[in-house]
Amino acid sequence: MANEHSPLLVHGVYSMMGDAEDSRGRSAVTREGSPKSNPRKLNTFFGVMVPTILSMFSIVLFLRTGFIVGHAGLLQGLLMLCVAYFIISLTVLSICAISTNGAVEGGGAYFMISRSLGPEFGGSIGLMFYLAKVCACGVYVLGLVEAILDIFGKDPGSSVSQGLRVLPQGYWYTVLYSSIVLLLCLVVCLVGAHIYAKASFVILLVVTVSLISIIISPLILRPQHFNITHTYGNNHTITVSPSYTGFNGTTLKNNLEPHYSLDYSTNTVMSFASVFAVLFTSCTGIMAGSNMSGELKNPSESIPKGTIIAVSYTFTVYLLLFLLLGSTCDRLLLINDYAVLQRVNVWPPFVIVGVYCASLSAAMCSMIGASRILHALALDQLFGLPLAPAAVTSISGNPWVSVLYTWGLVQCTLFAGQLNVIAGIVTVFYLLAYAAVDLACLALEWASAPNFRPTFQFFSWHTCLLGIVSCVVMMFVINPVYSSASIVLLLLLLLFLHYRSPTSSWGYISQALIFHQVRKYLLMLDSRKDHVKFWRPQVLLMVANPRSSCQLICFVNQLKKGGLFVLGHVQIGDLDVLPADPVQPQYNFWLSLVDKLGVKAFVDLTLSPSVRQGTQHLLRITGLGGMKPNTLVLGFYDNCYPEDYFLQDPVFCEGDRSEGDHFGVDLPSLQANFPPVRHAESPRALQPEEYVSIICDAIKMGKNVCLGRYFFQVPPESKGVKFIRGGDSVETIDVWPSDLLCPGSAIYADVCSLFLLQMACVLNMASRWRRARLRIFLCVESESGDQGWLAKEEQFRELLGKLRIRAAIKIVPWDNVARMLRGASSEHGQKVETKAVSEDFLCAVNALLREHSSMAAVRLLYLPHPPSSSELSQQYLMQLDTLTRELGPTLLIHGVTPVTCTEL
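Small disclaimer: the values here were computed from a predicted structure and weren't measured.

Asks: So what exactly am I meant to see when it comes to helix α14 (residues 400–413) here?
Replies: Side chains that are three or four residues apart share a direction in an α-helix, a result of its 3.6 residues per turn. When the terminal C-alpha atoms of α14 are compared, their 20 Å separation across 14 residues agrees well with the 20 Å that a helix rising 1.5 Å per residue should span. Along α14, the residues that are buried comprise Val401, Ser402, Val403, Thr406, Val410, Gln411 and Thr413.

This is how it looks when you write it as structure tokens:
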């Protein structure tokens, strides 16, 4: 991607005309180390007004003004003009706002949209705007050929050359002449766009002289009649005799109403939409000045002032020509002769030269602008290999390969043969691009970003929204088919770019908008209004080293049920003795890990003298408002040496090792950032007393605790292997909801047991575990003789019905196991202390678990309350180790908050 890490005010210059170097590909300092000369030399007039006026006059001014007034009438023609300029005026306000908020480099609309809305939307709209420029270039070339054939083309009704009319006419001849003109434009663009830049002022003078001659001609010419012949089909010829009346009230009255009729060039009946499409092609040059921002001395002042003056000037000229033609020319003359301004001019060569200059200027400007947009797309690498050659430039900075690309596409549009045929496509594409510019400005305004403070203040979100609506409505008024197709193409490009997931340093407006809205919703999420009916797991998973914890991370991701999921990590250290915070640089690596694992998790890292203190900090401060962790998940503490998950998952061991697709974090640096897993000679970073203390701290803070063991046995999800133990065709989730270390307290409806059931139900609702069967095991003493366990089973079934939990209840007699512990009980029937649990009893319980749950995919066990004395921490962990030995993936759970509700 582009290298744009430089500050806002230190930017290179990327000229629309190709003279300056691209700041994204080259340094602002020469190899010798001396700074470049300042290329910002253009003022408002030459840098903005001249290119904008020439782009907006184009071919419509001389060859389609009479066509518009003749078909639409003066009233509807003026309405079309006002609507078109109203739409572009709204867009001009957005352009001025965005362009005065920072430096606009090469690419014009593409640059503004992509840097405002991000690579996906910017790239798709940029390509659409490029296609619009390509089609517009085809329109101008065809218009120029049309003007040439009006003077030098043979009479359609005669096969003999007469005077200057020596050029044969026909579809293929039109394509040939257009190709020759396009080849001339190509040569100019390849030699150097500076030729056009230097000649633009002279061209404007020629066009201005032509306009003056058109305006004064009715004061000099007398009324006259003409004979015009048109050929329809192969042999159908029609001759009409229109007249030029000069200023005449009757002529004005007759031209007020619309009279849509057959267009002699396309042989189709015109309508409001088709005529408006032709008119709107004259309004597609409003961004010519914005593209010149790299050469402007003061772009923040020149772009708004120059663009607004240019738009006002062209509107005034079109308004005068509409009134002039509507008052002096017969409707037949307007409809049947595109070159009516030439016929009624005091000296026709004035108009002929104006037509040729304006058309050729607009064609070259469009080709230059389109090639620069394509070059900008290629530099940003949004579309990969197909556009890669377009990034190549000459020594002078001219992107000659993108010019060749553009020439080839324009050549394809010339096969349309008629200007009016592709005018609708051009208009729809431009309207879509203008709507995107308005959308970019609207998004920046709604995001309320502090750095969006353009010097141009005459806009608001109302004007942006109105501009978007106006553009979209007019798109479908002009041509619903083209509009629908363009939107479908835009969506396909969006999906393609989203699939490629390009990263950039431009900033994403979506992030600003999301931040703006999430802040509002977080303030609305009041923890005082929490209700048990809407409880969901909000998990803080403490990770020492992701290399050994990835399977547990993926499992907890399935367990969160749309709740908060945070990966926490404590780095041991003291900021007082460190030169800089070592935690901040780690975030990108952890976020890239989250991306590669495909889990929906946040990352929270901290620096602390001990793991215990760091965990306390994270439990207290992680989250915002009502989104704070309510459950702590830890890996199991035992003497097993962990396996390296990075060596098992193809994503980490077989991926592209060179591509930095995760915001600059490539695979080797990601692997190098996380240390190797613990081996026999590695000291333990955490002592048993501290580990148990973390569990106690969490319970004191009202957090539920889960301990995960043997989750390294779960195969990597990227391998697509379904985790099935022992060949069983159906996975099972086994739940043991009673405290197995204290048989006398076998109460299945306490808070911890209900939390255990709730977590099992939540896991069963996850997509990965939806088809698994839920089994609940009740340990009973069946030999007691009082049959009380039957009543307990019935009560438990009733409880499951109220909780809407579908599960199979398995009765497990454990008289022999319970008898082993009963002898260690006190004479007064008090609760058995942790130290009184024998090793034989623990082994017996473990054997019972393995007997009934050896085939389960995962087991959920009741986690006993940790001892209050730190001296018993080692013994407590040994009991848990013996209890869960060789069980397979097991989650020990201790719940302290109510999570279930039987009410509606």
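Asks: Would you mind showing me how to read the nonpolar core here?
Replies: In summary, soluble globular proteins display a tendency toward joint burial of nonpolar side chains. Leu61, Ile88, Val207, Phe280, Ile286 and Phe322 are the most contacted members of the largest nonpolar core, which has 148 residues in total. Looking at this core, the element that brings in the most residues is helix α15 (residues 419–447), giving 19 residues. Those residues in contact with Leu61, other than ones at most four positions away along the chain, are Val207, Leu211, Val317, Tyr318, Leu321 and Leu341. Ranked by size, the runner-up nonpolar core spans 65 residues in total, among them Trp535, Val594, Met759 and Ile893.

Asks: Can you help me understand helix α19 (residues 550–559) in this one?
Replies: Here α19 lies mainly inside the structure; ten of its ten residues are buried. Count one or two residues on from α19 and you reach Lys561, which has phi positive near 50°.

Asks: Would you mind going over the pattern of salt bridges with me for this structure?
Replies: Oppositely charged side chains are able to pair whenever their charged atoms sit close together. If you walk through the whole model with that rule in mind, you get ten salt bridges. Across the salt bridge formed by Asp697 and Arg612, the nearest N and O atoms sit 2.7 Å from each other. In this pair, Asp697 sits in helix α24 (residues 688–700) while Arg612 sits in helix α21 (residues 611–621), placing the two residues 85 residues apart along the sequence. Asp697 gets classed as buried once you look at its relative accessible area, which sits at 7%. According to the relative accessible area criterion, Arg612 is partly exposed, its value standing at 32%. With a shortest N-O distance of 2.8 Å, Arg775 and Asp734 are connected by a salt bridge. Taken together, the residues span a long stretch of sequence, with Arg775 in strand β13 (residues 773–780) and Asp734 in strand β12 (residues 732–736) at a distance of 41 residues. On the basis of relative accessible area, Arg775 is assigned to the buried category, the value being 13%. For Asp734, a relative accessible area of 0% translates into the label buried.

Asks: How do you make sense of the confidence of the model for the chain when you look at a structure like this?
Replies: For any part of a model where pLDDT is low, the fine detail of the predicted coordinates should not be relied upon. A residue-level look at the chain finds 84% of positions with pLDDT of 70 or above and a mean pLDDT of 81. Averaged pLDDT values for the elements of the chain fall to 73 in helix α4 (residues 109–117) and rise to 96 in strand β7 (residues 539–542). Confidence over residues 1–39 falls short of pLDDT 50; this stretch has 95 contacts with residues more than four positions distant or in other chains. Overall, residues 718–728 carries pLDDT values under 50, and its contacts beyond four positions in sequence, including any with other chains, amount to 26 contacts.

Asks: How should the side chain of Thr52 be read in this particular structure?
Replies: Note that Thr52 resides in helix α1 (residues 44–57). When near neighbours in sequence (up to four residues on either side) are disregarded, Thr52 contacts Gly285, Ile286, Ala288, Gly289 and Ala310.

Asks: Is there a simple way to explain the packing of aromatic side chains in this structure?
Replies: Each aromatic ring pair is characterised by the separation of its centres together with the angle its planes make. Considering all chains together, one arrives at 29 aromatic pairs under this definition. Look at Phe276 and Phe280: their rings are 5.8 Å apart centre to centre, the planes differ by 35°, and that puts the pair in the tilted class. Taken together, the positions of Phe276 and Phe280, both in helix α9 (residues 272–280) and four residues apart, correspond to about one turn of that helix. Cluster of aromatic residues (ring-pair linked, three or more members): Phe129, Phe272, Phe276, Phe280, Tyr430 and Tyr434. Directly above the aromatic system of Phe67 lies the positively charged group of Arg64, at a separation of 5.9 Å from the ring centroid.

Cut-offs and rules
- Residues numbered from 1 in each chain as written.
- Predicted model: local features only at pLDDT ≥ 70, side-chain atom pairs only at ≥ 80, totals over all residues.
- Heavy atoms only, no water.
- Helix = DSSP H or I, 4+ residues; strand = E, 2+ residues; numbered from the N terminus.
- Expected span 1.5 Å × (residues − 1).
- Buried < 20%, exposed > 50% of the residue type's maximum accessible area, 1.4 Å probe, protein only.
- Core = buried A, V, L, I, M, F, W, Y, C linked by side-chain atoms within 4.5 Å.
- Contact = heavy atoms within 4.5 Å.
- Salt bridge = Lys/Arg side-chain N within 4 Å of Asp/Glu carboxyl O.
- pLDDT = per-residue confidence, 0-100.
- Phe/Tyr/Trp six-rings, centres within 6.5 Å; stacked < 30°, edge-to-face > 60°.
- Lys NZ or Arg CZ within 6 Å of the ring centre and 35° of its normal.

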